[in-house]
Amino acid sequence: MPEESTTLDLVRLARQGYEAMSRGDLDGVMSLFAADAVYDMSAAGLETFEGAEAIRGFIEDWHRSWEDYRYEEEELLDLGHGVVLSVLREGGRLVGGKGRVEQRVAHLTTWTNGKIEWFKHYPDQDEARAAAERLAQERA
């Protein structure tokens, strides 16, 4: 009998998280975070949230402020050693707004046992890519 692979497909898991966020499935999003995860939004001028409860509160508040919210993946890369880089288009319409808001963002995540342990939002994808490459090399 062939041996089954125990390697997790982190790109697939990340994609599931973005799809869940686009659907408004907060339970699906939160199922990917470790209980003691850190969600760093400081590069966007927001807070860093520590622990699943704080992260869920932020995501709930964020999602409630949008209508027709979604992520479109441009690039999802597993750089090895539990490091994933996501480059995305984030867009939607704010509640009560008439126009559509879109931005290109990047996320750097580290994963352990199929769970996100650290998530950092970057407005600049080049900065995120450089940080992701450094981090993957450090974790090697």
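Conventions we followed
- Residues numbered from 1 in each chain as written.
- Predicted model: local features only at pLDDT ≥ 70, side-chain atom pairs only at ≥ 80, totals over all residues.
- Heavy atoms only, no water.
- Helix = DSSP H or I, 4+ residues; strand = E, 2+ residues; numbered from the N terminus.
- Salt bridge = Lys/Arg side-chain N within 4 Å of Asp/Glu carboxyl O.
- Buried < 20%, exposed > 50% of the residue type's maximum accessible area, 1.4 Å probe, protein only.
- Pairing = 2+ DSSP bridges.

S.K.: What is the right way to look at unusual backbone geometry in this model?
M.R.: Keep in mind that most residues, glycine aside, have a negative phi and that most peptide bonds are trans. A positive phi angle is found at Asp68, which is not glycine, with a value near 55°. Relative to the helices and strands, Asp68 is located in strand β3 (residues 66-80).

S.K.: Even after reading the chapter, I still don't get the pattern of salt bridges, so can you show me in this structure?
M.R.: Oppositely charged side chains are able to pair whenever their charged atoms sit close together. Going through the model one piece at a time under the given rule, you end up with 14 salt bridges. We note a salt bridge from Asp25 to Arg23, for which the minimum N-O separation is 3.1 Å. Given a relative accessible area of 28%, Asp25 falls into the partly exposed group. Relative accessible area serves as the criterion here: at 57%, Arg23 is assigned to the exposed category. Taking the shortest distance from any N to any O, the salt bridge between Glu74 and Arg104 comes out at 2.7 Å. Of the two residues, Glu74 is situated in strand β3 and Arg104 in strand β5 (residues 101-112); the sequence distance between them amounts to 30 residues. Given the relative accessible area of 34%, Arg104 is considered partly exposed. Members of the salt-bridge network, linked through shared partners, are Asp27, Arg56 and Glu60.

S.K.: How do you make sense of the pairing of strand β4 (residues 83-94) when you look at a structure like this?
M.R.: The side chains of a regular strand alternate, first on one face of the sheet and then on the other. The buried fraction of β4 amounts to 9 of the 12 residues, a majority that puts the element mostly inside the structure. Between β3 and β4, which follow one another and run antiparallel, lie 2 residues, and His81 among them has a positive phi close to 60°. Adjacent in sequence and paired antiparallel, β4 and β5 are bridged by 6 residues, among which Gly96 carries a positive phi angle near 85°.

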